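Here is what each chain is made of, one letter per residue.
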Amino acid sequence: MARAAAASVCAFVFSLSLGVCLCSFAVPLKLSAGSYNVSSDVAVTRRVVPAADGDGLSLASDPSGTVNFLDMLNNLHGDHGRGYYIEMSIGTPGQKVNILVDTGSSNFAVAAAAHPFITHYFDAALSSTYQSSGRTVAVRYTQGNWEGDLGTDRVSIANGPNGTITINIAAILSSEGFFLPGVNWQGILGLAYPMLARPDSSVMPFFNSLVQQLGIPDIFSLQMCGAGISASSAADPPGGSLIMGGVEPTLYQGSMWYTPIIAEWYFQVEVLKLEVGDQNLNLDCKEYNMDKAFVDSGTTLLRLPVNVFNAVVEAITRSSLIQDFSSGFWDGSKLACWMKGETPWRFFPKLSIYLRATNTSQSFRITILPKVPDKHNHQCIGTEGPSLIGPLPPLYLSAVSQLYIQPITDVDGTLDCFRFGLSSSANGLVIGATVMEGFYVVFDRAQRRLGFALSSCAVSGGEALSEIAGPFSAADVGANCSWGPAKEPFMWMVSYALMAVCAMVLIMLLLLLVLPCRRNRSGEITDESSLVRHRIK
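Residues numbered from 1 in each chain as written. Predicted model: local features only at pLDDT ≥ 70, side-chain atom pairs only at ≥ 80, totals over all residues. Heavy atoms only, no water.

## Notes on the overall build of the protein
As a reminder of what qualifies: By definition, any uninterrupted DSSP run of H or I lasting at least four residues is a helix, any uninterrupted run of E lasting at least two residues is a strand, and each is numbered from the N terminus. Residue burial is assigned from relative accessible area. The probe radius is 1.4 Å, only protein chains are included, and a residue is buried under 20% of its type maximum, exposed over 50%, and partly exposed in between. Two residues qualify as a contact provided that any one of their heavy atoms is within 4.5 Å of a heavy atom in the partner residue. Accessibility throughout is a Shrake-Rupley quantity obtained with a 1.4 Å probe, and a residue counts as covered only by protein chains that appear here.
Scanning the protein from terminus to terminus reveals seven helices and 31 strands. Buried positions account for 49% of the 537 residues belonging to the protein. Of the contacts formed within the protein by residues at least 6 apart in sequence, a portion of 71% connects residues at least 24 apart. For the protein, the exposed area adds up to about 24,200 Å²; of that, 55% sits on carbon and sulfur atoms.

## Some points on the packing of aromatic side chains
What counts here: Centres within 6.5 Å are what make two rings of Phe, Tyr or Trp a pair, Trp counting through its six-membered ring; a difference in plane orientation under 30 degrees is then read as stacked, over 60 as edge-to-face, and the rest as tilted. Consider the ring centre and the ring normal. A charge sits over the ring if Lys NZ or Arg CZ is within 6 Å of that centre and within 35 degrees of that normal.
Scanning the entire structure with this criterion turns up 24 aromatic pairs. Centroid distance F178 to F179: 4.9 Å. Interplanar angle 75°. Geometry classified as edge-to-face. With respect to class, F178 is no different from F179; both count as buried. Relative to Y440, the ring of Y252 has its centre 5.6 Å away and its plane inclined at 15°; by these criteria the two rings are stacked. On the criterion of sequence distance, the pair formed by Y252 in strand β13 (residues 252-260) and Y440 in strand β27 (residues 439-444) is long-range, its members being 188 residues apart. Of the residues examined, Y440 reaches a relative accessible area of 0% and is grouped as buried. An aromatic cluster is built from F309, F329, W330, F348, Y404 and F420, whose rings are joined through pairwise contacts. Over the ring of Y258 we find R449, and its NZ or CZ is 3.7 Å from the ring centre.

## Overview of the nonpolar core
Threshold: Among buried residues, the Ala, Val, Leu, Ile, Met, Phe, Trp, Tyr and Cys ones that are joined through side-chain atoms within 4.5 Å form a nonpolar core.
F206, L242, L274, V312, F420 and F452 are the most contacted members of the largest nonpolar core, which totals 109 residues. A per-element tally of this core places helix α4 (residues 306-319) first, with seven residues. Not counting residues up to four positions away in its chain, the partners in contact with L274 are Q279, N280, L281, Y288, L304, V308, V312, S352, I353 and L429. With 19 residues, the next largest nonpolar core counts A111, V137, V139 and V183 among its residues.

## Here we look at the state of the cysteines
The criterion, for reference: Whenever a pair of cysteine sulfur atoms sits within 2.5 Å, that pair is classed as a disulfide.
All told, the structure shown has three disulfides when counted by the stated rule. One disulfide in the model links C225 with C457; its S-S distance is 2.1 Å. Where C225 bonds to C457 through sulfur, the torsion about that S-S bond is close to -100°, and the disulfide is left-handed. Note that C225 is positioned in the loop between β11 (220-224) and β12 (238-244) and C457 in the loop between β28 (449-455) and β29 (459-460), a separation of 232 residues in sequence. The same class applies to C225 and to C457, which are both buried.

## Here's the deal with the pairing of strand β24 (residues 415-420)
Where we set the bar: Strand pairing is defined by DSSP finding a minimum of two bridges between the two strands.
β24 sits mainly inside the fold: five of its six residues count as buried. Bridge analysis of strand β18 (residues 335-339) against β24 gives four bridges, and the strand direction is antiparallel. In the strand pairing of β24, M339 is matched with L415.

## Considering the pattern of salt bridges
Condition: The salt bridge criterion pairs a side-chain nitrogen of Lys or Arg with a carboxyl oxygen of Asp or Glu, the two atoms within 4 Å.
On inspection of all chains with the given rule, the structure shows 10 salt bridges. In this structure, E264 and R448 form a salt bridge, with 3.9 Å as the shortest nitrogen-oxygen distance. Linking E264 in the loop between β13 and β14 (271-276) with R448 in the loop between β27 and β28, this pair joins segments that are 184 residues apart in sequence. In this structure, R356 engages E270 in a salt bridge whose closest nitrogen and oxygen atoms are separated by 2.7 Å. Of the two residues, R356 is situated in strand β19 (residues 351-356) and E270 in the loop between β13 and β14; the sequence distance between them amounts to 86 residues. Take E270: its relative accessible area is 5%, and that puts it in the buried class.

## Points about unusual backbone geometry
Here the residue pair T92 and P93 is connected by a cis peptide bond, since its omega of -5° sits within 30 degrees of zero. Note the cis peptide between R198 and P199, where omega equals 10°. Within the chain, N282 stands out as a residue other than glycine whose phi angle is a positive 60°. Position of N282 relative to the elements: it lies in the loop between β15 (279-280) and α3 (285-288).

## Let's talk about the side chain of S127
Our working definition: Each polar contact in these results corresponds to two N or O atoms within 3.5 Å; when the atoms are within protein, one needs to be able to donate a hydrogen and the other to accept it, and residues that are neighboring in sequence are counted only if both atoms are side-chain atoms.
With respect to the helices and strands, S127 occurs in the loop between β6 (108-111) and β7 (131-140). One polar contact links the side chain of S127 to the main-chain amide nitrogen of T92, over a distance of 3.1 Å. Reaching out from S127, the side chain makes a polar contact with the side chain of T129 at a distance of 3.3 Å. Aside from chain neighbours lying at most four places away, what touches S127 is G91, T92, Q95, F122 and D153.

Here it is as structure tokens:
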């Protein structure tokens, strides 16, 4: 109501003043806090028992008393080049579709019309349980966008929690740059918070509905295996696991390290510093979090704010044995190519991201490698460096172990070509699939924290493709390095203040329109009687 009134007042003022008053403000969005649940037991069948933890928080249970995580193993397909997707059944009778798993958005959307790049789509007319809300919805991503109709229908997941739920579904009728050649999915599963849902936060996201209707714990976890031993030459190899309702210990090695979720919109975290090799970039920690830092399975690369990206490229160049890399390799417009059989990995250092720990005086470090050297190929590379080709042809990431220096297939029969797995970003630091593939990532919404552990599938030749270490002292960085969405009460205060300002300007303009202009004896309008003295500076 407040923002509608403010908009009406401002529009009226604008029409009267012919451009003198222009009022705009951010729309306050509602923020939904999650309930607190955690899962327990490590056994063949993971049982969730109602209880209370040490903080007096209620533990949830599913209606049957059992959550079988083993049924969810290897329920993902794809890789970070094509996206990771899960098979679902939508409607009555059920129509099977593959749905992209995306932790960086909140809408559940599925193609509801034919498209050149998809093999099939959800036909709402064939579902007896589909109900249209009569509302339209549009979502724009970093790459691509779509528009469609909002409705509800029943959904089940064969390799997911037992049961069928009714969820909000966006039926995609038109899109641009969203469906791409070579992908094998027909929709998107947004797993973030209601604040990101479109057209507004009243549209309950899929996972919120799953927790509410099936009573599973408010936690899910992701293993994405495109970088390691699970990748194969098969046309559609198992790509990993989406565990809904808890954590599966067989999917990770070593300890689980947790970082707080700073704000519940994206899965926003706090990055304290970055290292290239053993070299600290020494930037102000707020630079890393400009204007947010979050974990997003739907983003392929590690995206860095412009200043951070430039500092990383400079540090890699300074420490690399190759000094003459073209800028085209760093900005993604060119590939670096070596003769087949050569191994470029020793030219590139490790990249480490320090995250604030749940003990806020400490941090831990997640590290990704360019690629673990192949033990069966130690051929040396000439110091003259790689050849560069561009502009890029259509790219398909090869299904071999890779992290931030990524092999590309279908380029040339005599060359092995690679692209840079980092890019600059104008909308924050994004920990995408390039990093996530090295780790088993736990999205513990109940306790507002994200967990990282070494993924059991991120290995090559018996060697890990990633590292994790800690704890480290966070005393050398600021107490608060993060940015975040404006709090809702503040946004309402801004809205009311702008309404008051626009109302005052309206009154002034009405008075100026009603009162006669004072003229001098010659009938000429002077500066004393004109609006020149009253114009808005």
